[in-house]
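Observations on the model geometry
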Amino acid sequence: DRAVTIATPARAAAAAAAPSSSDAPRTERLARESHLRTRGVTNGNKDWGFLSRKVSPRFAAGKLSPLGEGSKKLPQALIVGVKKGGTRALLEFLRVHPDIRALGVEPHFFDRNYGNGLEWYRELMPKTLEGQITMEKTPSYFVTREAPARIAAMSRGTKLIVVVRDPVTRAISDYTQTLSKRPDIPSFESLTFKNRTTGLIDTSWSAVQIGIYAKHLDNWLQYFPMSSCCS
Ligand SMILES: Nc1ncnc2c1ncn2[C@@H]1O[C@H](COP(=O)(O)OS(=O)(=O)O)[C@@H](OP(=O)(O)O)[C@H]1O
């Protein structure tokens, strides 16, 4: 019952963009109508039904419990990457679903804050009612060597979602973000190429490194094997 889902931003956007003629508030309308068509896993893994089923009767009947009820739980599903892959958009689309509660910020628990312990991590989470799913997204997990083992130690049943994007446009997006904070960095071209004439790429540059998806996935597959994955 473990799984990695690989999504694309365009597919996730399509899932949440169902048009409506209803007068209901936008969030409720989206939740009712979109059914979040994000593709779940194959292999008959029924646990992923939350990504494709219709909204719960509790919500449809307008009986969603007020915020503040329930208890804080460790996440059962994580968007682990990739940086600049459209992870924020996917999380926002998913959290429209009434059975999903998500942390708004990136907690960076499995990379930077692991020393704080699981209880610290749990305390960050929103409260959930029975049947609701707790999620968070931190794209840097995907390239953090220790992250798969740490997540598996929390629960081998954790659902993992990876949003991938063309590695070249991903690198440009990554570079653009850095450039906006540090306008004095070298040009994209000079960072990308070791030798512009031969076209030799500098694969040690982080913006390129992150895009070598297969290399990072190998590490995840040590702990969350392909037999439980989907694409
Ligand atoms: N639906 C959809 N389809 C395609 N692309 C999308 C979508 N939603 C967001 N985006 C683009 O994703 C980029 C931001 O990705 P992230 O949210 O993962 O960024 S971050 O890692 O959290 O900083 C950012 O890319 P750039 O605009 O190229 O920088 C967003 O425009």
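For the structure, see preceding data.
Here is a short report on the structure shown in this document. (Residues numbered from 1 in each chain as written. Predicted model: local features only at pLDDT ≥ 70, side-chain atom pairs only at ≥ 80, totals over all residues. Heavy atoms only, no water.)

Once that is clear, we can look at the overall build of the protein. Each helix and strand counted, the protein has ten helices and nine strands in total. Here the protein, with 231 residues, has 42% of them falling under the buried criterion. For the protein, the computed accessible surface area is about 11900 Å², with 55% contributed by carbon and sulfur atoms. (Helix = DSSP H or I, 4+ residues; strand = E, 2+ residues; numbered from the N terminus. Buried < 20%, exposed > 50% of the residue type's maximum accessible area, 1.4 Å probe, protein only. Areas by Shrake-Rupley, 256 points an atom, 1.4 Å probe, with all protein chains shown as cover.)

Our focus in this paragraph is the site of the ligand. Taken together, 17 residues lie near the ligand, and Lys84, Thr87, Lys137, Arg165 and Ser173 sit nearest. Here an oxygen atom of the ligand and a backbone polar atom of Gly85 are 3.2 Å apart. Measuring from an oxygen atom of the ligand, one finds a side-chain N or O atom of Ser173 at 2.6 Å. Burial of the ligand by the protein amounts to 62% of the accessible area it has alone, namely 650 Å². Within the residue set of the shell around the ligand, elements represented by two or more residues are α1 (9–16), α4 (87–95) and α7 (167–181). Within the shell around the ligand, the residues separate by chemical class into six nonpolar, five polar and six charged. (Near = heavy atom within 4 Å. Polar contact = N/O pair within 3.5 Å; in protein donor to acceptor, adjacent residues only side chain to side chain. Nonpolar A, V, L, I, M, F, W, Y, C, P; charged D, E, K, R; others polar.)

It is worth spelling out the pairing of strand β7 (residues 159–163) at this point. Most of β7 is tucked away: five of the five residues are buried. Neither face of β7 is open: one carries Lys159, Ile161 and Val163, the other Leu160 and Val162, and all of them are buried. Here strand β3 (residues 77–81) runs beside β7; their pairing, made up of four bridges, is parallel. In the strand pairing of β7, Ile79 is matched with Ile161. (Pairing = 2+ DSSP bridges.)

Another point: the pairing of strand β6 (residues 133–137). Among the five residues of β6, five are classified as buried, and the element is accordingly described as predominantly covered. With burial as the criterion, each face of β6 is covered, one bearing Ile133, Met135 and Lys137 and the other bearing Thr134 and Glu136. Two elements, β3 and β6, share three bridges in a ladder whose sense is parallel. Residue pairing in the sheet places Leu78 in a bridge with Glu136 of β6. In the sheet, strand β4 (residues 100–102) pairs with β6 via three bridges, with the strands oriented parallel. By the bridge assignment, Ala102 is partnered in β6 with Met135.

Among the nonpolar cores identified, the biggest contains 19 residues, and Val80, Phe110, Tyr121, Tyr141, Ile151 and Trp220 are the most heavily contacted of them. Contributions of two or more residues to this core are made by β3, α6 (147–154), β7 and α10 (213–221). Broken down by element, the residue count for this core peaks at four residues, all from α6. Beyond its immediate chain neighbours, meaning those up to four positions away, Tyr121 contacts Leu74, Pro75, Leu78, Pro107, Phe109, Phe110, Glu136, Tyr141 and Met154. Membership of the second largest hydrophobic core comes to eleven residues, among which are Ile79, Leu91, Ala102 and Ile133. (Core = buried A, V, L, I, M, F, W, Y, C linked by side-chain atoms within 4.5 Å. Contact = heavy atoms within 4.5 Å.)

Of all the positions in α4, only Thr87, Leu90, Leu91 and Leu94 are classed as buried. Burial along α4 is one-sided: seen end-on, the buried residues are contained in an arc of 95 degrees. (Arc of directions from axis to C-beta.)

Another point: the packing of aromatic side chains. Under the definition given, this model contains eleven aromatic pairs. Ring centres of Phe110 and Tyr121 lie 5.2 Å apart, and the angle between their planes is 80 degrees; on these two criteria the pair is classed as edge-to-face. Here Phe110, found in the loop between β4 and α5 (118–124), pairs with Tyr121, found in helix α5; they are eleven residues apart in sequence, far enough to count as distant. We classify Tyr121 as buried; its relative accessible area is 0%. Three or more aromatic residues joined by ring pairs make a cluster, and in this case those are Phe109, Phe110, Tyr114, Trp120, Tyr121 and Tyr141. Note that Arg196 overlies the ring of Phe193, its terminal NZ or CZ placed 4.4 Å from the centroid. (Phe/Tyr/Trp six-rings, centres within 6.5 Å; stacked < 30°, edge-to-face > 60°. Lys NZ or Arg CZ within 6 Å of the ring centre and 35° of its normal.)

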